[in-house]
Amino acid sequence: MNRENPKDGFNEDTRMIAEILGKEAAVKLIIELGGVALYIPRPNREIIRDIHEQTGYPPKRIAAICGCSERTVYRAIEGKAEKSDLTGKNSNPDL
């Protein structure tokens, strides 16, 4: 349900963006990407590794921030393959 609040003109989604990034950024996104369906993925191992390098947070805290397991964070930091990479199913047959 995406009801607009007549006071600010934002629906639930844009209100959430405004709370995270600020009202000005939300308005810019509306102007630039209004009507576009946008999927925002969970952090991948490169992003997790960047968070670790930039903040120095311990894996437990990064896992809480990213919504993943501590093991996933340790794998990212150590540069090990993700679980799906270890199954042998690879989209590139040359690898």
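Residues numbered from 1 in each chain as written. Predicted model: local features only at pLDDT ≥ 70, side-chain atom pairs only at ≥ 80, totals over all residues. Heavy atoms only, no water.

**Some thoughts on the overall build of the protein chain**
As a reminder of what qualifies: Here a strand is any run of E in DSSP of at least two residues, a helix any run of H or I of at least four, and the numbering for each starts at the N terminus. Only protein chains enter the accessibility calculation, which uses a 1.4 Å probe; a residue is then buried when its area is under 20% of its type maximum, exposed when over 50%, and partly exposed in between. Any two residues whose heavy atoms approach within 4.5 Å at even a single point are treated as in contact. What sets the accessible areas is the Shrake-Rupley method with a 1.4 Å probe; for residues, cover comes only from the shown protein chains.
The number of helices and strands found in the protein chain is five helices and zero strands. The order of helices and strands in the protein chain, counted from the N terminus, is α-α-α-α-α. Counting across all 95 residues of the protein chain, residues that qualify as buried make up 13%. In the protein chain, the share of contacts with a sequence separation of at least 24, taken over all contacts with a separation of at least 6, comes to 23%. Carbon and sulfur atoms form 53% of the exposed surface of the protein chain, whose accessible area is close to 7,800 Å².

**Overview of the packing of aromatic side chains**
Note the threshold: Stacked, tilted and edge-to-face are the three classes assigned to paired rings of Phe, Tyr and Trp, where Trp is represented by its six-membered ring and a pair needs centres within 6.5 Å; plane angles under 30 degrees give stacked, over 60 edge-to-face, the rest tilted. Charge over a ring is defined by NZ of Lys or CZ of Arg lying within 6 Å of the ring centre and within 35 degrees of the ring normal.
In this structure the tally under the stated criterion is zero aromatic pairs. The residue whose ring lies beneath Arg 61 is Tyr 57, and the NZ or CZ to ring-centre distance is 3.8 Å.

**A look at a nonpolar patch on the surface**
Under the convention used in this document: Without a salt bridge and with relative accessible area above 30%, a residue can belong to a patch; like charges are then joined within 9 Å and nonpolar side chains (Val, Leu, Ile, Met, Phe, Trp, Tyr) within 5 Å. Basic side-chain nitrogens of Lys or Arg form a salt bridge, by our definition, when they fall within 4 Å of a carboxyl oxygen of Asp or Glu.
A grouping of Met 16, Ile 20, Leu 21, Leu 29, Leu 33, Val 36, Leu 38 and Ile 40 is seen on the molecular surface, where their side chains present a nonpolar patch of about 820 Å² in accessible area. In terms of residue count, the dominant contributor to the nonpolar patch is helix α1 (residues 12-21) (three residues). Structurally, Ile 20 is set in helix α1. The class for Ile 20 is exposed, based on a relative accessible area of 64%.

**Overview of the environment of Lys 80**
Among the structural elements, Lys 80 can be located in the segment after α5 (70-78). Here Lys 80 falls in the partly exposed class, since its relative accessible area comes to 44%. Taking the C-alpha atoms as reference points, Lys 80 and Arg 45, separated by 35 residues in sequence, lie 9.3 Å from one another. Those residues in contact with Lys 80 that sit more than four places away from it in its chain are Arg 45, Arg 71 and Arg 75.

**Here we look at the environment of Asn 11**
To be explicit about the condition: Each polar contact in these results corresponds to two N or O atoms within 3.5 Å; when the atoms are within protein, one needs to be able to donate a hydrogen and the other to accept it, and residues that are neighboring in sequence are counted only if both atoms are side-chain atoms.
Within the element layout of this structure, Asn 11 appears in the segment before α1. Given a relative accessible area of 19%, Asn 11 falls into the buried group. Of the polar contacts made by the side chain of Asn 11, one reaches the backbone nitrogen of Asp 13; its length is 3.0 Å. At 2.9 Å, the side chain of Asn 11 forms a polar contact with the backbone nitrogen of Thr 14.

**Describing the pattern of salt bridges**
Summed over the entire model, instances satisfying the criterion amount to three salt bridges. Residues Glu 24 and Lys 28 are paired through a salt bridge, measuring 3.8 Å at the closest nitrogen-oxygen approach. Within this pair, Glu 24 and its partner Lys 28 are both found in helix α2 (residues 23-33), separated by four residues, close to a single helical turn. A salt bridge links Glu 78 to Arg 71; the shortest N-O distance between them is 3.6 Å. Judged by relative accessible area, Glu 78 falls into the partly exposed class, the value being 43%. Of the residues examined, Arg 71 reaches a relative accessible area of 35% and is grouped as partly exposed.

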